[in-house]
Amino acid sequence: MNKLTKVGLSALCSSLAAISSANAGEMTVTGGVDMSWVSLGGGQGVTGNPIGIGSNLTFKGNGELDNGWTFGVTVAMLNQDAYSSTAVNLTMGSFGSLNFNQGDSGNGIDAYDDKMPTAWEEPWGAGLGTGIQLVKGVGANNNVQYTTPTVFGITMAVAVAPDMGSADVNDKGTASTNDNTGKGMDATINVNPSFGTEILSGLNLFVGGHYTEMYVDSTPSNDRYEAVGGVTLDIGPISLGYASSGIVTGKTTTATDVDWYKNHMYGVAFNVNDDLSISYGDHESQQGFVNPGDSRESVHMDVQSWQIAYSMGGASIRYAKIDASNASYQKTSMYDKDANVISVSLAF
Amino acid sequence: MNKFTKLGVSALCGSLAAVSAANAGELTVTGGVDMSWVSLDDSTTGNPIGMGSNLTFSGSGELDNGWNVALSVAMLNQDAYSNTNVVVTVPTLGDIRIDQGSSGTGIDRMDDVTPTVWEEAHGAGIGSGLNTVAGSSGGSLIEYTPNMMPDGLTARLAYSPDAAGSNAGDKASSGMSTSPEGSAYDVLLVATDALHGMEGLTLYGGMSKISQDSNQSGYDGDQEEQSYAIIYAAGGFTVGYQWSEEDTGASSGVLEYENTGYGITFNVNDDLSVGYNHFESDQDNDTDVTMEATSYQIAYSVGGASIRIAEVDVDNSAYQTATMYDKSGTVLSVSLAF
């Protein structure tokens, strides 16, 4: 418990400010709303009430320490005020930056789960539940990430989670689980080899890897590994991208356990003008089992989406046509799904 | 993960407002706290101190095409999510409100409009379990308020594709519900003196219809609600009377509710007001039950603070006739608004 905290309030500018000389910096709030109308088809089943509303609020603080290092704090809430994440970023001048992260998906290899260009959302994230498995690394766990400064277009990052699978805990708290997971580590490299040329200024190459330490006790298994590599290229109004990723679950004994996932994805987006953009994306994911017997052949899931996005000021209107085959890695016809999604968002 | 999102932030005034050219407008927060001390007459009070905090984040702005937009995200006690709504004002059409989780749309706007100085008799701290008209407000919905109506007449049309559907996030739908309820619509009309010419008189009328699956056991028709009210204000006095009815569409159990309420308030001066409110609800069941709630109230305001006292009596609360469901008590409340 802080004992000597000094807090001062000012109502200048009729807004939300709360600042005093004892505070590290300022706090701001941004937010918005996304409204959608979802129409499900194929084997999806009942749409129910097609209206979806997502509200989001993000509180941000930033400031500068006495030694010139700067920091930022982000506390984010998603739909219906559900807590999303807290992140603290410390920029240490030419030493790079440190990011302390809870509950977010923005660190480590998770930041590269699907970086293909789209007009709106990834094919699997635009309103049709697919159950697709993506690389996530330490992103879903309390973690710390160090990011180097960008030198010759190269940026590297290393993220560590001391205990994978543990719940997010408050300050002065710890969390432990009785599962078989230990620490996790991610390493990523992003390269922008423009060499000072205009045509290569939009080229990005990225690669990342992850492992989760697995303890061997009642459930024998190996460590879990994840990897991703890809390329994106922006040429004028056109953006292209291709990437592959894979997961080795480490499971070895039970025949019906999933042994691995292999994903391939690509996308192309075109900015018709400053307000209108269109895109097409495809994400294919293959699931394989420990013992691929007759009834456990590997399953290919394929998700495709055409999208259009139009913005006018702070409002955006988006449409997505989505088709998924073998959703949730199931082969029966009811898992061949499609959806039409219309979305309107407002940002404040 | 959004890829082409444009977001800008400025820290003008060193405060929490955040705006950029790509944003629809500014976001601000208001809120307050309500503190109460409840004393029950014939049952165990426990800790009488109650505290309600509320925060509302509001944004408004104008789009490039001249349409105005307004956003509200509200949290109630202990940061519990309450409601999100967006109102789009189209100059030649009116207001289109997309709403999630609120009770302030359609016929639910007039669940109880009888005058009070603080709260309704059934909502001032003594739990009553009263059933009031709610219409389509149970699920995410769209409400339209046309602006081409005659002066003094306000119409509101609300539609929910699935009144029993849960509140889904964006890019999601509610999915299958076990409830028999399907789509719903409400119509609400409010007439003031600019229409009928009698200063101080406001007339309310509303109806709602929720389609129900009559093949589902226990139901043989749609759920229908209607409500009417008359409110008259003259000098410091305001009096009002309201009647409402709900046909549940059930074939057994509770078939109908019929509610009547009235209230009178008097503003002693700009800060002090007193009131009396009474609400009565008849439940048509195998055994009919009448619940009654009565309350005397005083309210006093000093700047951003308000002090309220309510004496409340409830008979047959929750439509139960046992003696323990006859409740009464005194509620002291202090609120601060920011």
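Quantities reported herein were computed from a predicted structural model and do not represent experimental measurements.

*Asks:* An account of the overall build of chain A is requested, with residue identities and associated values reported.
*Replies:* For chain A, the helix and strand inventory stands at 0 helices and 16 strands. Scaling as 2.2 N^0.38, a compact globule of 348 residues should have a C-alpha radius of gyration of about 20 Å, and chain A matches this with 22 Å. Buried positions account for 38% of the 348 residues belonging to chain A. A sequence separation of at least 24 residues applies to 55% of the contacts in chain A between residues at least 6 apart.

*Asks:* Would you mind going over the overall build of chain B in detail, with residue names and values included?
*Replies:* A tally of regular secondary structure across chain B gives 1 helix and 16 strands. Against the compact-globule benchmark of 20 Å for 338 residues, chain B has a radius of gyration of 22 Å, which places it among compact chains. Sorting the 338 residues of chain B into buried and exposed places 39% on the buried side. Of all intrachain contacts in chain B linking residues separated by at least 6 positions in sequence, the fraction that spans at least 24 positions is 55%.

*Asks:* Explain the interface of chain B and chain A residue by residue, including any values.
*Replies:* Counting residues at the interface gives 54 residues for chain B and 50 residues for chain A. Of all the elements in the fold, those that place two or more residues in the side of chain B that touches chain A are β1 (26-40), β2 (49-62), β3 (68-76), β4 (80-90) and β5 (94-100) of chain B. Of the residues that constitute the side of chain B that touches chain A, the class distribution is 27 nonpolar, 20 polar and 7 charged.

*Asks:* Tell me about the environment of Y319 of chain A, residues and numbers included.
*Replies:* Residues and elements named next belong to chain A. Secondary-structure assignment places Y319 in strand β15 (residues 315-325). On a C-alpha basis, the gap between Y319 and A119 in space is 9.4 Å, while along the polypeptide they are 200 residues apart. When residues no more than four places from it in sequence are discounted, the contact partners of Y319 are Q307, I308 and I342.

*Asks:* Explain the nonpolar core to me, using residue names and the numbers behind them.
*Replies:* Formed by 56 residues in total, the largest nonpolar core has its most connected members in I322 and L346 of chain A together with L71 of chain B. When contributions to this core are tallied by element, the ones reaching two or more residues are β1 (25-42), β2 (51-64), β11 (238-248), β12 (258-271), β14 (299-312), β15 and β16 (337-347) of chain A together with β3 of chain B. Among the elements that line this core, the one with the most residues is β1 of chain A, at 6 residues. Ignoring any residue separated from it by four or fewer positions in sequence, one finds L346 of chain A in contact with G32, V33, G314 and A315 of chain A together with A24, V69, L71 and V86 of chain B.

*Asks:* Help me get a handle on the pairing of strand β9 (residues 201-212) of chain B, residues and values and all.
*Replies:* Every regular strand shows the same layout, with side chains that alternate between the two sheet faces. All names here are of chain B. As paired strands, strand β8 (residues 181-191) and β9 are joined by 9 bridges and run antiparallel to one another. Residue pairing for β9: V187 is matched across the bridge by M207. Relative to strand β10 (residues 223-234), β9 runs antiparallel, the two being bridged by 10 bridges. Across the sheet, the residue bridging to S208 is E225, located in β10.

*Asks:* Account for the confidence of the model for chain A, with residues named and values stated.
*Replies:* Residue and element names in this part refer to chain A. Residues of chain A with pLDDT of at least 70 account for 90%, and the chain-wide mean is 87. For chain A, the element scoring lowest by mean pLDDT is β1, at 87; β11 scores highest, at 97. Long-range and interchain partners of residues 1-21, a stretch whose pLDDT sits below 50, account for 33 contacts in this model, where long-range means more than four residues apart.

*Asks:* Account for unusual backbone geometry, with residues named and values stated.
*Replies:* Residue and element names in this part refer to chain A. Look at Q80: it is not a glycine, yet its phi comes out positive at around 55°. Within the secondary structure, Q80 is located in the loop between β3 (70-78) and β4 (82-91). Using a count of 20 C-beta atoms within 10 Å as the deciding quantity, one classes Q80 as buried. You will see that D81, though not glycine, has its phi angle at about 60°, which is positive. Following the sequence through the fold, D81 ends up in the loop between β3 and β4.

*Asks:* Before we move on, could you go through the environment of N271 of chain A and cite the residues and values that matter?
*Replies:* Residue and element names in this part refer to chain A. Relative to the assigned elements, N271 resides in strand β12. Classification of N271 as partly exposed rests on a count of 19 C-beta atoms within 10 Å. Each C-alpha atom, one on N271 and one on S105, is 27 Å from the other, the two residues being 166 residues apart in sequence. If we skip the residues at most four places from it in the chain, N271 touches P237 and S277.

*Asks:* Requested: an account of the confidence of the model for chain B, with residues and values cited.
*Replies:* Residue and element names in this part refer to chain B. Confidence in the prediction for chain B averages 89 pLDDT; 93% of positions are at 70 or higher. Taken as a whole, residues 1-21 scores under 50 in pLDDT and shows 54 contacts with residues more than four places along the chain or in a different chain. Both scores are given for the predicted complex: the pTM is 0.84, the ipTM 0.81.

*Asks:* Pulling in residues and values, what's your account of the pairing of strand β11 (residues 237-247) of chain B?
*Replies:* Residues and elements named next belong to chain B. By the alternation rule, side chains of β11 split into T238, G240, Q242, S244 and E246, which are all buried, and F237, V239, Y241, W243, E245 and D247, of which none is buried. Two strands pair when backbone bridges link them, and β10 and β11 are joined in this way by 11 bridges, in the antiparallel orientation. Bridged to Q226 within β11 is E245. Counted along the chain from β10 to the antiparallel partner β11, the turn is 2 residues long, and its residue G235 has a positive phi close to 60°.

*Asks:* Describe the environment of V341 of chain A, listing the residues and the values that go with them.
*Replies:* Residues and elements named next belong to chain A. Locating V341 in the fold gives a position in strand β16. What makes V341 buried here is the crowd of 27 C-beta atoms within 10 Å. For V341 and S166, which are 175 residues apart along the polypeptide, the C-alpha to C-alpha distance reads 35 Å.

Definitions and limits used
Residues numbered from 1 in each chain as written. Chains lettered and ligands numbered in written order. Predicted model: local features only at pLDDT ≥ 70, side-chain atom pairs only at ≥ 80, totals over all residues. Helix = DSSP H or I, 4+ residues; strand = E, 2+ residues; numbered from the N terminus. Rg over C-alpha atoms; globule rule 2.2 N^0.38 Å. Buried ≥ 20, exposed ≤ 12 C-beta atoms within 10 Å, placed from the backbone. Contact = placed C-beta atoms within 7 Å. Nonpolar A, V, L, I, M, F, W, Y, C, P; charged D, E, K, R; others polar. Core = buried A, V, L, I, M, F, W, Y, C linked by C-beta atoms within 7 Å. Pairing = 2+ DSSP bridges. pLDDT = per-residue confidence, 0-100.

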